[in-house]
Amino acid sequence: MSIKSKSKYVCQACGYESPKWMGRCPECNEWGTMQEEAERQKVSHHRQVGLPTKLQDISQQSLQRLRSHISELDRVLGGGIVPGEAVLVGGDPGIGKSTLLMQLTGSLASRGASVLYISGEESLQQTKMRADRLGVSEGPIFLAAETELDTILSHLDATKPSIAVIDSIQTVYDPTMTSAPGTVGQIRESASRLIRHAKTSGTALFLVGHVTKDGSIGPIAG
């Protein structure tokens, strides 16, 4: 398989793509939001794949949900956390997303579930201070202050956690892409690869996403 590269222009407000630059996005009508990004096209030869599975042949055994014992969170998640699922925790900056997920980390780890908490916005010491303030200290909790996508995936492979928290997805970047962290292309690529890893590994993934003033999951200001 080979990889060919060419440029495209992506609206950083709505994700609209165009082969050429334009001052105003025709999709959301925002001005000055079209940024150039490297487009990678995978070219591969035909390969054999497995056949789709008949619905009637799929096991009826219910999935074993992992309860967080945070009643409202378990209710929102349909009764608990499903292995391999991806959950987006969105909200305004400072609303308490990190606090909630640290509480989730402590609750799960105290019952023996391993957790990998990736902080892209705070140092290990700052994350530890929050954990201490919330009384989170026991159990198999692993921390990393990291933003580079491949390194994060390596941490996931090394620790094989039951739960992984990425705080936040806007800070994660793929260095092979020319766009800056927090742009539409970087968020899309990073989230896609992390979710794909969760599906294949069985790790439940929680992605923190900051909401912009227009209500979308967008770039971090500053």
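In case you missed it, the structure is sitting above this.
From a predicted model like this one, the values you see are computed outputs, not experimental measurements.

A. Geometry of the overall build of the chain. Of regular secondary structure, the chain possesses five helices and eight strands. Carbon and sulfur atoms provide 52% of the accessible area of the chain, an area that totals close to 13,000 Å².

B. Layout of the packing of helix 4 (residues 149–159) against helix 5 (residues 184–201). Contact geometry of helix 4 with helix 5 gives a least axis separation of 11 Å together with a crossing angle of 15 degrees. Judged by the angle between their axes, helix 4 and helix 5 are roughly parallel. The crossing of helix 4 and helix 5 is right-handed. Along the contact surface, helix 4 presents Leu149, Asp150, Ile152, Leu153, Leu156 and Asp157, while helix 5 presents Ser190, Arg193, Leu194 and His197.

C. Quick peek at the environment of Met34. In this fold, Met34 is placed in strand 3 (residues 34–43). Ignoring any residue separated from it by four or fewer positions in sequence, one finds Met34 in contact with Tyr9, Val10, Cys11, Tyr16, Ser18, Trp21, Met22 and Cys25.

D. Structural view of helix 4. Residues of helix 4 that are buried: Leu149, Ile152, Leu153 and Leu156. In an axial view of helix 4, the angular spread of the buried residues amounts to 100 degrees, which keeps them on one side of the axis. Where helix 4 is buried, its residues touch strand 5 (115–119), strand 7 (163–167) and helix 5. Capping of helix 4 at its N-terminal end is provided by Glu148; its side-chain oxygen lies 3.3 Å from the backbone amide nitrogen of Asp150. Trailing helix 4 by a residue or two, Lys160 shows a phi angle of about 45 degrees, which is positive.

E. Highlighting unusual backbone geometry. Looking along the chain, the bond that leaves Asp167 and enters Ser168 is cis, with omega of 5 degrees. Secondary-structure assignment places Ser168 in the loop between strand 7 and helix 5. Phi is positive for His69, which is not a glycine, with a value near 65 degrees. Relative to the helices and strands, His69 resides in the loop between strand 3 and helix 1 (71–76).

What counts, and where the lines are drawn
Residues numbered from 1 in each chain as written. Predicted model: local features only at pLDDT ≥ 70, side-chain atom pairs only at ≥ 80, totals over all residues. Heavy atoms only, no water. Helix = DSSP H or I, 4+ residues; strand = E, 2+ residues; numbered from the N terminus. Areas by Shrake-Rupley, 256 points an atom, 1.4 Å probe, with all protein chains shown as cover. Axes fitted to C-alpha atoms, helices over the stretch in contact; angles between N-to-C directions. Parallel < 35°, antiparallel > 145°, perpendicular 65-115°, else oblique. Left-handed = near helix turned anticlockwise from the far one by under 90°. Contact = heavy atoms within 4.5 Å. Buried < 20%, exposed > 50% of the residue type's maximum accessible area, 1.4 Å probe, protein only. Arc of directions from axis to C-beta. Polar contact = N/O pair within 3.5 Å; in protein donor to acceptor, adjacent residues only side chain to side chain.

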